Amino acid sequence: MSEDLVLWEKIPPLATITINRPKALNALNTKVLSVLDQSLDEISREDEIRVVIITGSGEKAFVAGADIAEMSNMTSLEGANFSRLGQLVLRKVQELKKPVIAAVNGYALGGGLELALSCDFAYASENAKFGLPEVTLGIIPGFGGTQRLPRLIGKGRAKELILTGKMVSAKEAFEMGIVNKVVPLDKLMESVKDVAIQISKNGPIALSIAKSLVDVGYDIPLDDGCILESRSFGMCCAMEDTKEGMKAFLEKRKPVFKGR
Ligand code: DAK
């Protein structure tokens, strides 16, 4: 069943999405992208889910890229549609109103690295490997890699990865700023869940606004970003959660956020 290509489980306040094609190292084909798209829609409607984790099935790969077998037979139109589907799904990850963390448990290549880049940040296992090997196949990254990677790690480092197509280790990826933390494979989900739980305790609307301010603000002039921040801050002042957060501080108790 195509639904099994992507599994998602909800253990509030977290949801974990698992790309589940381990025999093909979780490569992204049209069906996987479509089911991932549906899963994101379902998760976005669940208020009790506060933070989302994306990982890959098995111990070898997060996602080893877009599906080369499927792409090898595409016409120009099919290629453009496939690239657009991937870009739209990854944009949905980026714009989800809940923080999304990538738990990179192995190869994150091509579209797999691009999926991780669309998340808010990533932790990796020691065995993980990263790269954009598209040019070795005579193609270019098609799911936003030429745009998101330089924004994250700078143009020079991004171009080195994109133009060589080489793979780097989790340690190198950490040093470049692609991932925030590297842990042994058997500690990866525990580490990601720990930080996800920490995030989930914060006001959900504040999280959503802060996430979007960082993303939107990054691409506009500083002054415009600061104006956007002030307006958003003003909006926060009208929220029940803001009043609750500050009241709880003054009353020396933990806040109870309701997402209002
Ligand atoms: N697609 C399809 N199948 C894949 C795959 C992939 N990306 N990666 C691995 N597999 C399959 C292998 O074919 C193999 O299948 P069987 O032969 O068993 O049927 C199985 O997974 C296990 O792989 P290996 O036998 O190769 O395993 P190894 O441990 O020896 O090697 C590896 C692991 C990750 C180093 C190797 O599999 C590898 O190099 N994989 C390809 C990595 C890669 O090049 N990824 C980038 C794909 S390109 C665009 C849209 C999107 C994109 C670009 C343009 N537009 C339409 C404009 C994105 C492009 C990409 O992501």
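These numbers were taken from a predicted model, which means no experiment stands behind them.

**Let's talk about the overall build of the protein chain**
The helix and strand inventory of the protein chain stands at eleven helices and ten strands. What you see for the protein chain is a C-alpha radius of gyration of 19 Å, in line with the 18 Å of a compact globule of 260 residues. Dimensions of the protein chain along its principal axes, counting C-alpha atoms only, are 60 × 40 × 35 Å. In the protein chain, which comprises 260 residues, the share counted as buried stands at 44%. When the accessible surface of the protein chain is totalled, it reaches about 13,700 Å², and 57% of it is carbon and sulfur.

**Considerations on the nonpolar core**
One finds Phe62, Val104, Leu115, Phe130 and Ile178 to be the most contacted residues of the largest nonpolar core, which totals 49 residues. Apart from the residues lying within four places of it in its own chain, the contact partners of Leu115 are Ile19, Leu36, Ile54, Phe62, Val63, Leu90 and Val93. If you look at the next biggest cluster of nonpolar residues, it comprises 13 residues, including Leu14, Val51, Ile53 and Ile101.

**Some remarks on the site of the ligand**
With respect to spatial proximity, 25 residues lie near the ligand, and among them Lys60, Ala64, Ala66, Ile68 and Gly111 are the closest. The backbone of Ala64 places a nitrogen or oxygen atom 2.9 Å from a nitrogen atom of the ligand. Contact between the ligand and Gly111: an oxygen atom at 2.8 Å from a main-chain N or O atom of the residue. If the ligand stood free it would expose 1,100 Å²; the protein chains cover 63% of that surface. Listed by contribution, the elements that provide at least two residues to the shell around the ligand are helix H2 (68-71), helix H3 (76-95) and strand E6 (107-109).

**What to know about the packing of aromatic side chains**
Taken as a whole and judged by the stated rule, the model has two aromatic pairs. Ring centres of Phe121 and Tyr123 lie 5.8 Å apart, and the angle between their planes is 45 degrees; this geometry places the pair in the tilted category. For Tyr123, a relative accessible area of 10% puts it in the buried group.

**Brief notes about the pairing of strand E7 (residues 121-125)**
Along E7, four of the five residues are buried, which leaves the element largely enclosed by surrounding structure. As judged from the four bridges shared by strand E5 (residues 100-104) and E7, these two strands associate in the parallel manner. The partner of Ala103 across the bridge, within E7, is Tyr123. Here three bridges tie E7 to strand E10 (residues 181-183), and the two strands are oriented parallel to one another. Residue Ala124 lies in a different strand from E10, and its bridge partner there is Val182.

**Some thoughts on helix H4 (residues 111-118)**
Most of H4 sits out of view: eight of its eight residues are buried. Buried within H4 are the following residues: Gly111, Gly112, Leu113, Glu114, Leu115, Ala116, Leu117 and Ser118.

**Focus: the sheet that holds strand E9 (residues 167-169)**
What holds strands together in a sheet is hydrogen bonding between their backbones, with the strands either parallel or antiparallel. Pairing in this open sheet of four strands is mixed, and the strands run E4-E6-E8-E9 from one edge to the other. The strands lining the two open edges of the sheet, one partner per strand, are strand E4 (61-63) and E9. Each adjacent strand pair in this sheet contributes to an overall mean axis angle of 20 degrees, direction not counted.

**Some remarks on a nonpolar patch on the surface**
Nonpolar side chains collect at one region of the surface, where Ile68, Leu137 and Ile139 lie side by side and expose about 250 Å² of accessible area between them. The class of Ile68 is partly exposed, set by a relative accessible area of 46%.

**Things to note about the packing of H3 against H4**
Between H3 and H4, whose axes approach to 8 Å, the crossing angle comes to 25 degrees. By the angle between their directions, the pair H3 and H4 is classed as roughly parallel. Residues Leu90, Val93 and Gln94 of H3 form the contact with H4, whose own contacting residues are Glu114, Leu115 and Ser118. Class assignment for the residues of the contact of H3 with H4 results in three nonpolar, two polar and one charged.

**Overview of the sheet that holds strand E1 (residues 6-11)**
Taken together, six strands build an open sheet; the order of strands is E1-E2-E3-E5-E7-E10 and the sheet is mixed. If you trace the sheet from one side to the other, it starts and ends with E1 and E10, each paired once. Within this sheet the neighbouring strands show an average axis-to-axis angle of 20 degrees, counted without direction. On top of the sheet, helix H1 (residues 30-44) reaches E1, strand E2 (14-19) and strand E3 (51-56); it is set at about 15 degrees to E1, its chief contact.

**Points about a negative patch on the surface**
Judged by side-chain charge, Glu59, Glu126, Asp186, Glu190 and Asp194 come together as a negatively charged surface patch. Within the secondary structure, Glu126 is located in the loop between E7 and strand E8 (129-131). Residue Glu126 is classed as exposed on the basis of its relative accessible area, which comes to 52%.

The rules behind these values
Residues numbered from 1 in each chain as written. Predicted model: local features only at pLDDT ≥ 70, side-chain atom pairs only at ≥ 80, totals over all residues. Heavy atoms only, no water. Helix = DSSP H or I, 4+ residues; strand = E, 2+ residues; numbered from the N terminus. Rg over C-alpha atoms; globule rule 2.2 N^0.38 Å. Buried < 20%, exposed > 50% of the residue type's maximum accessible area, 1.4 Å probe, protein only. Areas by Shrake-Rupley, 256 points an atom, 1.4 Å probe, with all protein chains shown as cover. Core = buried A, V, L, I, M, F, W, Y, C linked by side-chain atoms within 4.5 Å. Contact = heavy atoms within 4.5 Å. Near = heavy atom within 4 Å. Polar contact = N/O pair within 3.5 Å; in protein donor to acceptor, adjacent residues only side chain to side chain. Phe/Tyr/Trp six-rings, centres within 6.5 Å; stacked < 30°, edge-to-face > 60°. Pairing = 2+ DSSP bridges. Axes fitted to C-alpha atoms, helices over the stretch in contact; angles between N-to-C directions. Patch = residues over 30% accessible without salt bridge, like charges linked within 9 Å, V, L, I, M, F, W, Y side chains within 5 Å. Salt bridge = Lys/Arg side-chain N within 4 Å of Asp/Glu carboxyl O. Parallel < 35°, antiparallel > 145°, perpendicular 65-115°, else oblique. Nonpolar A, V, L, I, M, F, W, Y, C, P; charged D, E, K, R; others polar. Lys, Arg positive; Asp, Glu negative; His and termini not counted. Charge placed at Lys NZ, Arg CZ, Asp CG, Glu CD.

Distances and angles like these do not, on their own, reveal function.
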